[in-house]
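# Architecture at a glance
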Amino acid sequence: QVQLVESGGGLVQAGGSLRLSCAASGRTFSSYAMGWFRQAPGKEREFVAAISWGGGSTYYADSVKGRFTISRDNAKNTVYLQMNSLKPEDTAVYYCAAKWTGTRVVVTTTPGGYDYWGQGTQVTVSS
């Protein structure tokens, strides 16, 4: 069982930056690939970024490539999402998710591929 708690959301002006954190419980965090997703009102949950268990592989949605960076610190059981050059269309609830992979290098972009989810953190970008 893994529990995930996101933090770092808030209100920011367009062009600004935020860093989201996702703290995981448990002693096997390094066995999980991690992902960030977002969901805007009236829209489906969409993939944002993912990182493999050791951090060596990352993948981004085209809409955030070059602006967002996913990283992880396995010693702190935490995954991060650095968001720069934010746009109003980035406004959404952001969720982190965990997928058990062991030591396989797996990056998953579909919500159904993840085993555990956090409760989400709101990001609002004003124009």
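Residues numbered from 1 in each chain as written. Predicted model: local features only at pLDDT ≥ 70, side-chain atom pairs only at ≥ 80, totals over all residues. Heavy atoms only, no water.

## Quick look at the overall build of the protein chain
Helices and strands together make up the secondary structure of the protein chain, namely 0 helices and 11 strands. Overall, the protein chain shows an N-to-C arrangement of helices and strands of β-β-β-β-β-β-β-β-β-β-β. Against the compact-globule benchmark of 14 Å for 127 residues, the protein chain has a radius of gyration of 13 Å, which places it among compact chains. Projected onto its principal axes, the C-alpha positions of the protein chain cover 40 × 25 × 25 Å. Looking at the protein chain as a whole, 46% of its 127 residues qualify as buried. Long-range pairs, those at least 24 residues apart, make up 61% of the contacts in the protein chain with a sequence separation of at least 6. For the protein chain, the accessible surface area stands at approximately 6,300 Å², while carbon and sulfur atoms represent 47% of it. One way to put it: in the protein chain the 12 positive side-chain charges average out to a point 6 Å from where the 8 negative ones average out. (Helix = DSSP H or I, 4+ residues; strand = E, 2+ residues; numbered from the N terminus. Rg over C-alpha atoms; globule rule 2.2 N^0.38 Å. Buried < 20%, exposed > 50% of the residue type's maximum accessible area, 1.4 Å probe, protein only. Contact = heavy atoms within 4.5 Å. Areas by Shrake-Rupley, 256 points an atom, 1.4 Å probe, with all protein chains shown as cover. Lys, Arg positive; Asp, Glu negative; His and termini not counted. Charge placed at Lys NZ, Arg CZ, Asp CG, Glu CD.)

## Notes on the sheet that holds strand β7 (residues 68-73)
Strand pairing within a sheet occurs via backbone hydrogen bonds; the two strands may be parallel or antiparallel. The sheet built from 4 strands is open, its strands ordered β1-β3-β8-β7 with antiparallel pairing. Edge strands, defined here as strands with exactly one partner in the open sheet, are β1 (4-7) and β7. Between one strand axis and the next, the sheet turns by 15° as a mean value, whatever way the strands run. (Pairing = 2+ DSSP bridges. Axes fitted to C-alpha atoms, helices over the stretch in contact; angles between N-to-C directions.)

## Examining the state of the cysteines
Per the stated rule, a full pass over the model turns up 1 disulfide. Across the disulfide, Cys22 is cross-linked to Cys96 (sulfur-sulfur distance 1.9 Å). On the sign convention where negative is left-handed, the bridge of Cys22 and Cys96, at about 45° about the S-S bond, is right-handed. Here the residue Cys22 occupies a position in strand β3 (residues 18-24), and Cys96 occupies one in strand β9 (residues 92-100), the gap between them amounting to 74 residues. (Disulfide = S-S within 2.5 Å.)

## With respect to the pairing of β3
Here β3 lies mainly inside the structure; 5 of its 7 residues are buried. In the sheet, β1 pairs with β3 via 4 bridges, with the strands oriented antiparallel. Bridge pairing links Ser7 to Ser21 in β3. Where β3 lies against strand β8 (residues 78-83), 6 bridges are found, and the strand directions are antiparallel. Bridge assignment links Cys22 to a residue of β8, and that residue is Val79.

## Some details on the nonpolar core
Counting residues in hydrophobic clusters, the biggest one holds 34 residues, and the most contacted among them are Met34, Trp36, Leu81, Met83 and Tyr94. Elements supplying a minimum of two residues to this core: β3, β4 (32-39), β5 (46-51), β7, β8, β9 and β11 (121-126). (Core = buried A, V, L, I, M, F, W, Y, C linked by side-chain atoms within 4.5 Å.)

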